[in-house]
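Analysis of the macromolecular model
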Amino acid sequence: MMRALILGGTSEANLLADAVACAGCNAIYSYGGRTRAPANQPLPTRIGGFGGVNGLAEFIRREGITHLVDATHPFAAEMSRNAVAACETTGIPLIALERAPWAKGTGDTWIEAANISSAAAALPDNRARVFLAIGRQHITAFSARPQHAYTLRFVDPPDGPLPFPDGDVIVSRGPFTLAGELEMMRARGIEWVVARNSGGAGARAKIDAARELGLPVVMLKRPELPDRPRVESVTEVMQWLRHRACLGA
C-alpha cells in the first residue's frame with residue numbers, strides 16, 4: 001500500500017498536495033514550522049522538524065512511508081540532505097520536486113555570491129538602500145554592514161529586533177507582481193537587491209523589477225546537494241508515484 005510523505009512549504013508542494021488529494025493517494029504533508037500560519041492543505045498535515053536524519057528515518061518506519069517527495073525550498077539544504085540520508089537508511093525511494101533556477105538575462109546586473117557572508121561583503125562601502133529578500137533566517141550576516149538602510153519582507157513579523165540599526169520590515173505573503181515590486185522599490189528608493197536564486201514564477205518579480213530599474217542584484221547561489229532524482233513539475237511527480245505504486249515499490 002503506497003503512503004507518501006511530502007516535505008513541503010513551497011507553492012509547488014501545495015500544488016502537489018492538491019494533485020495527490022484529487023488522485024486519492026495516501027499521503028502526509030509536512031511543514032518545517034518556520035511560518036506561523038501555513039496554508040491549509042487537503043492532506044493530513046504535520047508541522048515541525050523530525051530531529052535530524054535518525055528522527056526522519058524513525059518517522060518513515062513508524063508511519064509506514066513508502067515514498068518520499070522533497071518539495072522543500074531550494075535553500076532548505078539541511079532538510080534535503082537529511083531526506084537523502086533517511087531514504088538511504090530506510091530503503092524507500094526519493095524524488096525532489098525542484099524548480100529550475102533563474103538564469104541571468106540581457107539587462108541583468110548580477111553579482112553572484114557563494115554564501116551569505118560573501119553576499120553581505122558584496123554590498124558597497126557607502127550607505128545604500130538595500131532590499132534584503134533572503135528570508136529572516138539569514139539576515140544576521142548583514143550586521144557586518146550596518147551602514148546600509150535595509151528593507152525586508154517576511155511572511156510573519158520578526159520575533160525580535162533586527163541585527164542592524166536601520167531596517168524596515170514589510171509583512172506580506174507572495175506571489176508578487178512586477179507592478180507591485182516596481183512601486184515598492186521606487187517608493188523606498190531601493191538601490192541594491194540581495195536575493196537567493198530560488199527560481200520559479202512566484203518570487204521572480206523582484207528580479208524583473210531590478211532589471212527594469214537598472215539595479216544591481218547580489219544573487220546567492222544555491223547550496224550543493226547530494227545527487228538525487230529530481231523533476232520540475234507536479235505532473236512528473238504524479239507519474240513517478242503512479243509508476244512506483246504499479247511496481248509495488
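In what follows, the structure referred to is the one given above.
In short, a report on the structure. These numbers were taken from a predicted model, which means no experiment stands behind them.

Moving on, we come to the environment of Asp 168. Along the polypeptide, Asp 168 turns up in strand β9 (residues 167-171). For Asp 168, a relative accessible area of 35% puts it in the partly exposed group. For the pair formed by Asp 168 and Met 185, sequence separation is 17 residues and the distance between their alpha carbons is 13 Å. Those residues within four positions of Asp 168 in sequence are excluded, and the remaining contacts are Tyr 150, Thr 151, Leu 152, Leu 162 and Arg 188.

Along the chain, Ile 47 turns up in strand β3 (residues 45-47). The exposure class of Ile 47 is exposed, given its relative accessible area of 54%. The spacing of Ile 47 and Tyr 29 is 18 residues in sequence and 8.6 Å in space, taken between C-alpha atoms.

Let us now look at the nonpolar core. Counting 21 residues, the largest nonpolar core has Ile 6, Leu 16, Val 20, Val 69, Leu 97, Val 237 and Leu 241 as the members making the most contacts within it. At the level of elements, β1 (4-7), α1 (11-22), β2 (27-31), β5 (94-97) and α7 (234-247) are the ones that each hand at least two residues to this core. For this core, the leading source of residues is α7, giving 5 residues. The contacts of Ile 6, once residues within four sequence positions are left out, are Leu 16, Ala 17, Val 20, Ile 28, Tyr 29, Ser 30, Leu 43, Val 69 and Ala 71.

It is worth spelling out the pattern of salt bridges at this point. Under the defined criterion, the tally for this structure stands at 17 salt bridges. When the shortest N-O distance is used, the salt bridge between Asp 208 and Arg 211 registers 3.5 Å. Highlighted residues: Asp 208 and Arg 211, both in helix α6 (residues 205-213), separated by 3 residues, approximately one helical turn. Judged by its relative accessible area of 22%, Asp 208 falls in the partly exposed class.

Another point: the packing of helix α5 (residues 178-188) against α6. Relative to each other, α5 and α6 sit at 55 degrees, their axes nearing to 8 Å. With respect to their mutual orientation, α5 and α6 come out oblique. For α5 against α6, the interelement crossing comes out right-handed. Between α5 and α6, the residues in contact are Leu 178, Glu 181, Leu 182, Met 185 and Arg 186 and Ala 205, Lys 206, Asp 208, Ala 209, Ala 210, Glu 212 and Leu 213, respectively. Looking at side-chain class alone, the contact of α5 with α6 contains 7 nonpolar, no polar and 5 charged residues.

Moving on, we come to the packing of aromatic side chains. For any pair of aromatic rings, the description consists of the separation of the ring centres together with the inter-plane angle of the planes. Evaluated as defined, the whole model comprises 4 aromatic pairs. For the pair Phe 50 and Phe 59, a centre-to-centre distance of 5.2 Å together with 65 degrees between the ring planes defines the contact as edge-to-face. Residue Phe 50 is classed as buried on the basis of its relative accessible area of 15%. An angle of 70 degrees between the planes, with centres 6.0 Å apart, marks the rings of Phe 142 and Tyr 150 as edge-to-face. Classification of Phe 142 by relative accessible area gives buried; the value is 0%. A residue is classified by how much of its surface remains accessible, and Tyr 150, at 2% relative accessible area, is buried. Cation over ring: Arg 46 sits above Phe 50, and NZ or CZ is 3.9 Å from the ring centre.

Criteria and cut-off values
Residues numbered from 1 in each chain as written. Predicted model: local features only at pLDDT ≥ 70, side-chain atom pairs only at ≥ 80, totals over all residues. Heavy atoms only, no water. Helix = DSSP H or I, 4+ residues; strand = E, 2+ residues; numbered from the N terminus. Buried < 20%, exposed > 50% of the residue type's maximum accessible area, 1.4 Å probe, protein only. Contact = heavy atoms within 4.5 Å. Core = buried A, V, L, I, M, F, W, Y, C linked by side-chain atoms within 4.5 Å. Salt bridge = Lys/Arg side-chain N within 4 Å of Asp/Glu carboxyl O. Axes fitted to C-alpha atoms, helices over the stretch in contact; angles between N-to-C directions. Parallel < 35°, antiparallel > 145°, perpendicular 65-115°, else oblique. Left-handed = near helix turned anticlockwise from the far one by under 90°. Nonpolar A, V, L, I, M, F, W, Y, C, P; charged D, E, K, R; others polar. Phe/Tyr/Trp six-rings, centres within 6.5 Å; stacked < 30°, edge-to-face > 60°. Lys NZ or Arg CZ within 6 Å of the ring centre and 35° of its normal.

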